[in-house]
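# Fold and geometry: a report
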Amino acid sequence: MEPLDERAIRASFVNCSKGDASRIRMPAGFADGAVPWDDLDFLGWTDPGAPQRALLVVPGEPDPTGLVLRRPGAVRSSAMRSSMCRICLTDHAASGVALFVAPLAGPAGRRGNSVGEYLCADLACSLYLRGRRQPRMRLVRREETLSLAERIDRAMTNLAAFTNRVLAG
């Protein structure tokens, strides 16, 4: 992903007001230049000032698209169960995947309509795809025959489908 500045990130959000976008806190390490842009296909983080608000910024033409998401509160679950992220298809222990809900863009979202998707709870799909982060679970990791580029394309296609559902309002 190409590095973005704070102005571009704030301008990208399509399902919140400009005032809400101005109050979003940037991800940890953003000001220090510690965001690993080369390893990211999209930028995802939890707002440090509002732990139940998560944010995604997806690259696109001509501009990136930002989504504000609601994340569930802490839920206790069994370590014996497993779940799969619907974006990167990484298997996790049940607590490693969460249902994120995005208000729809436009009038439908202002009326309270939303869509949801099961995503890696830490929004680090790009790092799981590249093997930079490993899911915490006792299960054996599933081997795929797809190349890294093909897995990234699949993840971005899945993310684009979710983004389009939000934009369709």
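All figures in this text were calculated on a predicted structure; none of them were measured in a lab.

### Quick look at the overall build of the protein
The number of helices and strands found in the protein is 5 helices and 7 strands. Listing the helices and strands of the protein from first to last along the sequence gives α-α-β-β-β-β-β-β-α-β-α-α. Relative to the compact-globule value of 15 Å for 169 residues, the protein shows a C-alpha radius of gyration of 16 Å, a close match. In terms of its C-alpha atoms, the protein occupies a principal-axis envelope of roughly 45 × 30 × 30 Å. Accessible surface, the protein as shown: approximately 9600 Å² in total, 50% of it carbon and sulfur.

### Comments concerning the pattern of salt bridges
Side-chain pairs of opposite charge can arise where the charged atoms are in close proximity. Following the criterion strictly, the structure yields 9 salt bridges and no others. Across the salt bridge formed by Arg86 and Glu117, the nearest N and O atoms sit 3.3 Å from each other. Taken as a pair, Arg86 in the loop between β4 (82-84) and β5 (91-93) and Glu117 in strand β7 (residues 114-120) lie far apart in primary sequence, 31 residues in all. Note on Glu117: relative accessible area 10%, which makes it buried.

### So, the confidence of the model for the protein
Scored by pLDDT, the protein comes out at a mean of 92, with 93% of its residues at no less than 70. Averaged over each element, pLDDT in the protein is lowest for β4 (87) and highest for strand β3 (residues 65-70) (98).

### Brief notes about the nonpolar core
Counting 29 residues, the largest nonpolar core has Leu56, Leu69, Ile87, Phe100, Leu119, Cys125 and Phe162 as its most contacted members. Counting only elements with at least two residues in this core, the list comes to β2 (53-58), β3, β6 (97-103), β7, α4 (125-129) and α5 (148-167). Per-element tally for this core: the top contributor is α5, with 5 residues. When near neighbours in sequence (up to four residues on either side) are disregarded, Ile87 contacts Glu117, Tyr118, Leu119, Cys125, Arg154, Ala155, Asn158 and Leu159. Among the nonpolar cores identified, the runner-up in size contains 16 residues, and Ile9, Phe13, Ala21 and Trp37 belong to it.

### What about the side chain of Asp47?
Of note, Asp47 is situated in the loop between β1 (43-46) and β2. Taking the relative accessible area as the measure of exposure, Asp47 reaches 1% and is therefore buried.

### Some details on the state of the cysteines
One pass over the full model with this rule turns up 0 disulfides. Looking at the unpaired Cys125, the closest cysteine sulfur is the one in Cys85, lying at 3.6 Å. The class for Cys125 is buried, based on a relative accessible area of 1%.

Rules of the game
Residues numbered from 1 in each chain as written. Predicted model: local features only at pLDDT ≥ 70, side-chain atom pairs only at ≥ 80, totals over all residues. Heavy atoms only, no water. Helix = DSSP H or I, 4+ residues; strand = E, 2+ residues; numbered from the N terminus. Rg over C-alpha atoms; globule rule 2.2 N^0.38 Å. Areas by Shrake-Rupley, 256 points an atom, 1.4 Å probe, with all protein chains shown as cover. Salt bridge = Lys/Arg side-chain N within 4 Å of Asp/Glu carboxyl O. Buried < 20%, exposed > 50% of the residue type's maximum accessible area, 1.4 Å probe, protein only. pLDDT = per-residue confidence, 0-100. Core = buried A, V, L, I, M, F, W, Y, C linked by side-chain atoms within 4.5 Å. Contact = heavy atoms within 4.5 Å. Disulfide = S-S within 2.5 Å.

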